[in-house]
Amino acid sequence: MLAETTVLPRGFYQRPTAVVARELLGKILVRRSGDDVVAVRVTEVEAYLGVDDPACHTYGGKRTPRTETMWGPAGFAYVYLIYGIHHCLNVVTVGEGSPEAVLIRGGSAVAGGSIIRRRRGVGVARRDLLDGPGKLCQALALTRLENGLDFCDPTSCLTIRSDGRGFLDGQVERLPRVGVDYAGEAAAWPLRLTVSSGLR
DNA sequence: TCTAGGATCGGCT
DNA sequence: GCCGATCCTAGAT
């Protein structure tokens, strides 16, 4: 199934964050750990626009050990812990010195469904498996240990691939981001992208 | 050191 | 719809 896919090149990520966010919808996140392979098609993302975005971890030029990955080159994974319990997976965009990223909020399983169910809990309903950033990370077995992985290295245990399919603009909903009320008017910026209907 | 708070989730009412 | 869990992170002292 993954034989007909290609790993997205660095250049894919070295573009404006809002563009990368839109283009990530429909792409396939592939996670290898040991003999387990899990693949998830991205259906929900949020853009975080760096130093000028009050909702972003790097707002105002903030640079800390946690956010160091965001300050580096595009195409790397920024994984952090939230609420002491859950992890969130981000894709670093633009380029070195422009600490912007796209948060992967949700997807649908395309391979490794049984592994996902095992990790998420056997009784969990199909639609609840991957509909949140914390759930996605649990399904992909991602923790802070995976922070800084390179999405562009075909031998990496975490890559993003294209199978040539995607979603039409008419299928994409643009909504305010979740859980960033503290960010003032930026909380209303329509930087959350979701798709509801099927592939094209 | 100490403290407050968070890009969430799931259980309970 | 509400609320507690749980602990890292960052900023203050």
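Scroll up for the structure.
Notes on the structure in this doc start here. (Residues numbered from 1 in each chain as written. Chains lettered and ligands numbered in written order. Predicted model: local features only at pLDDT ≥ 70, side-chain atom pairs only at ≥ 80, totals over all residues. Heavy atoms only, no water.)

1. Quick look at the overall build of chain A
Put simply, the test is: Comment: elements are numbered from the N terminus, with helices defined as DSSP H or I runs of at least four residues and strands as E runs of at least two. This radius of gyration counts C-alpha atoms alone. The globule rule is 2.2 Å times how many residues there are, raised to the power 0.38. Should any heavy atoms of two residues lie within 4.5 Å, those residues are counted as being in contact. In these tables, accessible area is a Shrake-Rupley quantity obtained with a 1.4 Å probe, and a residue counts as shielded only by the protein chains included in the view. Charge convention: Lys and Arg are scored as positive, Asp and Glu as negative, and His as well as the terminal groups of each chain are ignored. Taken as the charge location is NZ of Lys, CZ of Arg, CG of Asp or CD of Glu.
Broken down by element type, chain A carries five helices and nine strands. Sequence-ordered secondary structure for chain A, helices as α and strands as β, is β-α-α-β-β-α-β-β-β-α-α-β-β-β. Relative to a compact globule of 200 residues, whose C-alpha radius of gyration would be 16 Å, chain A shows 16 Å and is just as compact. Overall, chain A is about 45 × 35 × 35 Å in size when its C-alpha atoms are taken along their principal axes. A fraction of 62% describes how many contacts in chain A between residues 6 or more apart in sequence connect residues 24 or more apart. With an accessible surface of roughly 9300 Å², chain A has 52% of that area assigned to carbon and sulfur atoms. Mean positive and mean negative side-chain charge positions of chain A (25 and 21 charges, respectively) differ by 5 Å.

2. Describing the pattern of salt bridges
Selection rule: The salt bridge definition used is simple: a Lys or Arg side-chain nitrogen within 4 Å of an Asp or Glu carboxyl oxygen. Relative accessibility decides the category of a residue: with a 1.4 Å probe and only protein chains considered, values under 20% of the type maximum give buried, values over 50% give exposed, and everything between is partly exposed.
Per the stated rule, a full pass over the model turns up 12 salt bridges. For Asp 36, the salt bridge goes to Arg 118, with nearest N and O atoms at 3.1 Å. Of this pair, Asp 36 sits in strand 3 (residues 36-48) while Arg 118 sits in helix 4 (residues 113-120); the two residues are 82 residues apart in sequence, bridging distant segments of the chain. For Arg 63, the salt bridge identified is with Glu 68, shortest N-O distance 2.7 Å. Its relative accessible area of 49% is what places Arg 63 among the partly exposed residues.

3. Structural notes on the packing of aromatic side chains
Here is the rule: Aromatic rings from Phe, Tyr and Trp, with only the six-membered ring used for Trp, were paired whenever their centres fell within 6.5 Å, and each pair was classed as stacked if the ring planes differed by under 30 degrees, edge-to-face if by over 60, and tilted otherwise. The criterion for a charge sitting over a ring is simple: Lys NZ or Arg CZ within 6 Å of the ring centre, and within 35 degrees of the ring normal.
If you walk through the whole model with that rule in mind, you get three aromatic pairs. Ring geometry for Tyr 13 versus Phe 151: centroids 6.3 Å apart, planes at 25 degrees, classification stacked. Taken together, the positions of Tyr 13 in helix 1 (residues 10-13) and Phe 151 in the loop between helix 5 (133-139) and strand 7 (158-162) put the pair 138 residues apart, joining distant regions of the chain. With respect to burial, Tyr 13 and Phe 151 carry one shared label: buried. Among the aromatic residues, those joined into a cluster by ring pairs are Phe 12, Tyr 13 and Phe 151. In this structure, Arg 15 packs its charged tip against the face of Phe 12, placed 4.8 Å from the ring centre.

4. Side note on the side chain of Arg 105
Residue position: Arg 105 is located in strand 6 (residues 98-111). Setting aside chain neighbours within four positions, we find Arg 105 in contact with Glu 44, Val 45, Glu 46, Leu 130, Asp 131, Gly 132, Pro 133, Val 178 and Arg 192.

5. Some points on the protein's contact with DNA strand B
Rules: Residues are counted as near a molecule or strand when any one of their heavy atoms sits within 4 Å of it. Pairs of N or O atoms are called polar contacts if they sit within 3.5 Å, as long as, within protein, a hydrogen donor faces a hydrogen acceptor (for residues adjacent in sequence, only side-chain-to-side-chain pairs). Classification used: nonpolar for Ala, Val, Leu, Ile, Met, Phe, Trp, Tyr, Cys and Pro, charged for Asp, Glu, Lys and Arg, polar for all others including Gly.
Taken together, 20 residues surround DNA strand B, and among them Tyr 83, Asn 90, Gly 134, Lys 135 and Tyr 182 come closest. When atoms of DNA strand B within 4 Å of the protein are sorted by moiety, sugar and phosphate together comprise 56%. At 2.4 Å from a base nitrogen of DNA strand B is found a side-chain nitrogen or oxygen belonging to Asn 90. Listed by contribution, the elements that provide at least two residues to the surface near DNA strand B are strand 4 (77-82), strand 5 (86-95), strand 6 and helix 5. Here the surface near DNA strand B takes three residues from helix 5, the largest share from any one element. Its residues assigned to classes, the surface near DNA strand B shows 10 nonpolar, seven polar and three charged.

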